[in-house]
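Structural characterization, general
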Amino acid sequence: MIRSNRVRALFALAVIAVSVYIAVTVPVRLGLDLRGGTQIVLETRSTPTTKADRAATDRTLEVLRGRVDALGVAEPTLVRSGAHRIIVELPGVQDPKQAADVLGRTAQLSFHPVLGAADAGTPAPAESGERVLPDESGQRLRLGASAMTGKDVKGADARFDQETGAGWHVTVDFDRTGRGRWAQLTADAACRPVGDPTRRVAIVLDDRIISAPQVDPSVACGTGIAGGSTQITGSFSDSEARELALLINGGALPVPVETVEQHTVGPTLGARAITASAWAAVVGTALTALFIIVVYRLMGALAVVALLAYGLISYAALAALGATLTLPGLAGFVLAIGMAVDANVLVFERAREEHASRRRPSARSALTAGFRNAFSAIADSNITTLIAAGLLFLLASGPVRGFGVTLGIGVVASMISALVVTRVLADFAASRPWVRRRPRVTGLATAGRVREALVRRDPRPMRRPRRWLAASAVVLVLAASGIAVRGLEFGIEFTGGRLIAYETPQAVDPERARDALADAGLPHAVVQSAGDTGLTVRTGQLTDAQVDTVTRTIGALGEGDGDGGDGAKNGDGAETTKVRDELIGPSLGEELRRNALIALGVALGAQLLYLAARFRWLFGTAAVAALAHDVVILVGVFAWLGKPLDGVFLAALLTVIGYSVNDSVVVFDRIRELLRRDRKTPLSQITDRAIVQTLPRTVNTGMGAVLILASLAVLGGESLTDFALALLIGLAVGTYSSVFTAAPVAVTLHGHRRGDRRTPRPPARRAAPPRAASRRG
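Residues numbered from 1 in each chain as written. Predicted model: local features only at pLDDT ≥ 70, side-chain atom pairs only at ≥ 80, totals over all residues. Heavy atoms only, no water.

Side note on the side chain of threonine 288
To keep it simple, the criterion reads: Helix and strand definitions follow DSSP, with helices as H or I runs of at least four residues and strands as E runs of at least two, each counted in order from the N terminus. The contact criterion used is simple: two residues touch if any of their non-hydrogen atoms lie within 4.5 Å.
Along the chain, threonine 288 falls in helix α7 (residues 267-321). Filtering out sequence-adjacent residues up to four positions away, threonine 288 remains in contact with Val341, Gly704, Leu707 and Ile708.

The following block contains the structure:
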């Protein structure tokens, strides 16, 4: 025993030491929704000549990486997602239109001889290959057929001529094939008079002339510019030269790309989200710690120390894995605190049972038995949560995937903190002489108020299980009627469209904003308030011009005098700011909606398989029935409230599934344990005893989770309110269903399987036989 304690202590010290080192030396990478910036998801499209396969997407990624590098963005991220998508993250970029213009150009680069100037009314020539396009200054030029393409370009670079002071210029290098073509193209142009438009060469990108330089007078007619390199000079600024080099150098994408998703978050919104989540974590953890200390006294205080270790281990794991911490990820980090409390509560409640039964007279022996008896329930409940976290990582995307990562890390860290750190501290404290002399200080010497009240009343909820099933059915019908009556309001992630959030200097009535947008040509815009001075506008697909119209309209209302003014700024100079901009393409929205349904189905199936393997099909079926009950109720309540179902709701829903199974596993684990000891007592009575024995753990764990979620709902900001609300509803419904839905279903199915539709009742007590008369008269 002493040796195993030393091993656990050394392991705990090693884990904490490594975690401290990582936390100090390795920073956690923040997602764009926390530090501000733009994320663009591009999808490659096939052309008649090129298929957009994995190889073409990889080549496109390399071209885009060169473009992003030329933009000068600090720490950009470009990764391929699947065979056809590229995710581009641009920290600090607040103008998504500029980024999308540079990244989204299909960039079919070509070089053309200039055949002459064209009048404004001159139509495009009918000859094959000829076209009329305006140059950089707006002059219309008639261009000949393409003489070269971007494939002939070896590279382009913007340089500053320090020797002559001529300023910025662009150097273009050609490959072996391009050398001869460029020499011939410039040789023909050099034969034209200086200043004549026909002496120019037009560089065209996607039917737009990006440069039309004139061949230098020093170039002889018929000779051209040889050597495979040329310079484009002019009155270039730094940014103009770099952009021209960027477009020439990375001009030819192998296949066209289309923007299917775009998210822009302002830095102030990200900073507020971090502050709000940090306050929610501090307040929620403090309230939970206070509750645990009040209930479990010394052992509760040691569990709080283990919670701090949990936070350190989780943070270090995020940093070591290079995971990106997103806003939902922060919520998952905070939520896992409640799950870390759950393991400690399970152990302490089992230790209380052992101490109250007098089988373990000392606190230390009761703790040892508590850790041993609670291990299977802790393992099963955490594995079910890991299944939900894994599904989020595999089937979700973006910030929701980050939530799955932090939730999974939190579950593993909570098991280490509860089963290792808490045990080391608890064993050390329980072995102290002053603690042995004062057993009540440990918090384990008393059964607890909830348990004492249950023992006094001796409830038998499974005496009539069908009543509970009828009550659950009524609640289920009421919730499901919300889906039928109100319908489901899907977020733009599942429908596609545009969502723009604004922060205005003064409050704007959503109805006024809706009318103003209708007058501006957007009658179907959905406008909602977000906080005191926030406003969100949700529409279908919008052009950049329409987005500018929305911004001007909201700005005029938010910066006016409050009486329908002309859009003047307030006296303090405050302006309306765009804090969030999200774009989801219709094809991506349909795909995300399909993946959400797949994730939900896979989650239910995975839970059923796991529970059937760990317990038996009877309990697995009952738990999954309770899960379906919880899912329908949660979706129905959101339908009644008119809340949108989006990716964050999906994360909450899968978390509720894990939590509901967690509760059911604890009850079924106790039923399994009691059945091993007593195989003659009817299942209904065994279930009653299991519910009574596990209800204190359910109440205490639920209180810890409620304090955490309430802190998120109140302090976590508008972006986390719906998330916390969904989890609070799911927590209440999941706690109810584990006792009054899953257990009655198991008892009822057990009765049907045995061919007896009645719930087994305890056998009637027989009268004791009369004692024989004593011979002693």
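Let us keep going from here.
As for the pairing of strand β10 (residues 167-174)
Applicable threshold: A simple rule labels every residue: compare its accessible area, found with a 1.4 Å probe on the protein chains alone, to the largest value its type can have, and call it buried under 20%, exposed over 50%, or partly exposed in between. In this analysis, strands are considered paired if DSSP registers two or more bridges between them.
Most of β10 sits out of view: 7 of its 8 residues are buried. Where β10 and strand β13 (residues 229-236) come together, 5 bridges link them in antiparallel fashion. Note on β13: the bridge partner recorded for threonine 171 is glutamine 231.

Quick word on the pattern of salt bridges
As a reminder of what qualifies: Every case where a carboxyl oxygen of Asp or Glu lies within 4 Å of a side-chain nitrogen of Lys or Arg is listed as a salt bridge.
Tallied over the entire structure, the rule returns 22 salt bridges. With a closest N to O distance of 3.1 Å, glutamate 353 and arginine 670 form a salt bridge. Residue glutamate 353 is found in helix α8 (residues 327-356), and its partner arginine 670 is found in helix α19 (residues 647-677); the two are separated by 317 residues along the sequence. With respect to burial, glutamate 353 and arginine 670 carry one shared label: buried.

Some thoughts on the nonpolar core
Rules: Definition used in this section: a nonpolar core is a set of buried Ala, Val, Leu, Ile, Met, Phe, Trp, Tyr and Cys residues joined via side-chain atoms within 4.5 Å.
In this structure, Leu634, Phe649, Phe668 and Ile671 are the most contacted members of the largest nonpolar core, which totals 66 residues. Of all the elements in the fold, those that place two or more residues in this core are α9 (363-395), α10 (398-430), α17 (586-614), α18 (617-641), α19, α20 (683-715) and α21 (718-753). The greatest single-element share of this core, amounting to 16 residues, is contributed by α19. Non-local contacts of phenylalanine 668, meaning those with residues more than four positions away in its chain, are made with Phe615, Phe619, Ala622, Ala623, Ala742 and Ala746. Phe348, Ala351, Leu367 and Ala429 belong to the second largest nonpolar core, which has 38 residues in total.

With respect to the packing of aromatic side chains
Under the convention used in this document: In summary, the pairing rule links any two rings of Phe, Tyr or Trp, Trp by its six-membered ring, whose centres are within 6.5 Å, and it sorts them by plane angle into stacked for under 30 degrees, edge-to-face for over 60 and tilted for everything else.
Counting across every chain of the model gives 9 aromatic pairs. Their ring planes at 70 degrees and their centres at 6.1 Å tell us that phenylalanine 111 and phenylalanine 174 sit as a pair that is edge-to-face. In this pair, phenylalanine 111 sits in strand β5 (residues 109-117) while phenylalanine 174 sits in strand β10, placing the two residues 63 residues apart along the sequence. The class of phenylalanine 174 is buried, set by a relative accessible area of 2%.

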